[in-house]
Amino acid sequence: MKKVYKMLTLVFCLAFLFGMTVFANTSKDSVNVNDIITTETGEEIVIAVLEDGRFITASLGTDFYAACSHNDIVGTGKMYRQTSSYNKSDSTYCYKYRDYEEARCARCGKTGFKIYDKTWTNVKHKYKLFGSTCTECGYQK
């Protein structure tokens with residue numbers, strides 16, 4: 001009976017440690033309200049974080065509170081992909097991407113908002129059969 005208790009205790013401790021590791025890794029990608037993110041078109045400020053982890057941004061150069069003080073931001077259905085490449089020395093990943101949707105205010109119709117996915121998606125290198133050069137970025141094995 002003591003062996004069963006020891007095994008259960010060990011399993012519980014390992015599960016707790018692995019759970020803490022996963023929790024620590026997920027927090028580094030999260031954004032908060034008033035964070036500044038850099039995109040291809042310039043800098044944007046995070047104005048809201050949705051319950052599912054997606055976040056809404058507005059261009060940093062515009063005064064969005066003066067023209068629109070509503071919280072009814074809805075997507076327009078136009079989806080885009082933001083990509084970012086890794087340096088050539090990364091042996092695992094070629095590039096990463098995150099999708100976003102253009103958005104507008106449902107009350108006043110003001111545009112210029114974006115709704116971003118919560119995390120980046122990593123894309124691994126792609127090689128031809130028996131090849132040693134990535135077909136996407138040119139990384140050499």
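For the structure itself, look to the data block above.
Let me begin by describing the structure that accompanies this report. Just so you know, these numbers come straight off a predicted model, no measurement behind them.

### Considerations on the overall build of the protein
Helices and strands together make up the secondary structure of the protein, namely two helices and seven strands. In the protein, the succession of α and β elements from N to C terminus is α-β-β-β-α-β-β-β-β. Within the protein, buried positions represent 22% of all 141 residues. Long-range pairs, those at least 24 residues apart, make up 47% of the contacts in the protein with a sequence separation of at least 6.

### Side note on the nonpolar core
By size, the foremost hydrophobic cluster in this structure holds ten residues: I45, I47, I56, A58, C68, I73, A103, C105, F113 and I115. Only β2 (42–49), β3 (55–59), β5 (93–105) and β6 (111–116) provide two or more residues apiece to this core. Excluding residues within four positions of it along the chain, I115 makes contact with L50, R54, F55, I56, V74, G75, D99, Y100, E101 and A103. One finds I37, F55, Y100 and Y116 within the second-largest nonpolar core, a separate group that totals six residues.

### Things to note about the side chain of D99
Mapping D99 onto the fold places it in strand β5. Of note is the side chain of D99, whose polar atom sits 2.8 Å from the side chain of R81. Apart from the residues lying within four places of it in its own chain, the contact partners of D99 are M79, Y80, R81, I115, Y116 and D117.

### Side note on the pattern of salt bridges
Counted under the stated rule, the structure contains four salt bridges. Across the pair R54 and D52 runs a salt bridge whose closest N-O atoms are separated by 2.9 Å. For D52, a relative accessible area of 44% corresponds to the partly exposed category. Note that R81 is salt-bridged to D99, the shortest N-O span being 2.8 Å. Taken as a pair, R81 in strand β4 (residues 73–85) and D99 in strand β5 lie far apart in primary sequence, 18 residues in all. Looking at R81, the relative accessible area reads 47%, which means it is partly exposed. Given a relative accessible area of 17%, D99 falls into the buried group.

About the thresholds
Residues numbered from 1 in each chain as written. Predicted model: local features only at pLDDT ≥ 70, side-chain atom pairs only at ≥ 80, totals over all residues. Heavy atoms only, no water. Helix = DSSP H or I, 4+ residues; strand = E, 2+ residues; numbered from the N terminus. Buried < 20%, exposed > 50% of the residue type's maximum accessible area, 1.4 Å probe, protein only. Contact = heavy atoms within 4.5 Å. Core = buried A, V, L, I, M, F, W, Y, C linked by side-chain atoms within 4.5 Å. Polar contact = N/O pair within 3.5 Å; in protein donor to acceptor, adjacent residues only side chain to side chain. Salt bridge = Lys/Arg side-chain N within 4 Å of Asp/Glu carboxyl O.

Any functional reading would require information beyond the geometric quantities listed.
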